[in-house]
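# Fold and contact review
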Amino acid sequence: MDKFNNLRDFSKWLKSGATEPSFLRGLITKWYLLIAVPGVYAAYNFFSHPTVQGVLNKAEQIVRNTTGMALRVTENCTPLITDFVSFISCIQNQ
């Protein structure tokens, strides 16, 4: 495949039958139709479907809430780290 500099050269090679046997072109074409096209379609659905159903928004909300809670604990409870009981109490109240 190193003799092809871009997709245009590759498509010209597939269209010409002078240099390679048609069996190889047939295999590459069938692979493209059987593997590459459904793969692109599946990848598109995999990445677009969660956005439509709001799964990514829900995950983003969970991450934001968790990091917000960690930030509040860091800001408020760090000075109490020397007193174990009040430190645990502070964490539980956040």
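Refer to the structure presented above.
So, how was this worked out
- Residues numbered from 1 in each chain as written.
- Predicted model: local features only at pLDDT ≥ 70, side-chain atom pairs only at ≥ 80, totals over all residues.
- Heavy atoms only, no water.
- Helix = DSSP H or I, 4+ residues; strand = E, 2+ residues; numbered from the N terminus.
- Buried < 20%, exposed > 50% of the residue type's maximum accessible area, 1.4 Å probe, protein only.
- Contact = heavy atoms within 4.5 Å.
- Areas by Shrake-Rupley, 256 points an atom, 1.4 Å probe, with all protein chains shown as cover.
- Phe/Tyr/Trp six-rings, centres within 6.5 Å; stacked < 30°, edge-to-face > 60°.

Moving on to the overall build of the protein chain. Helix and strand counts for the protein chain come out as 4 helices and 0 strands. Beginning at the N terminus, the succession of helices and strands in the protein chain can be written as α-α-α-α. Per-residue burial over the protein chain gives 10% buried out of 94 residues. Summarising the internal contacts of the protein chain: among those between residues at least 6 apart in sequence, 3% fall at separations of at least 24. Looking at the protein chain as shown, the accessible area adds up to about 8,000 Å², and 66% of this sits on carbon and sulfur atoms.

Take the packing of aromatic side chains next. Counted according to the given criterion, the structure contains 1 aromatic pair. Seen from their ring centres, phenylalanine 46 and phenylalanine 47 are 5.1 Å apart, and the 80° between their planes marks the pair as edge-to-face. Residue class for phenylalanine 46 comes out exposed when judged on its relative accessible area of 57%. Here phenylalanine 47 falls in the exposed class, since its relative accessible area comes to 59%.

Note that all results are geometric; they support no functional claim without further evidence.
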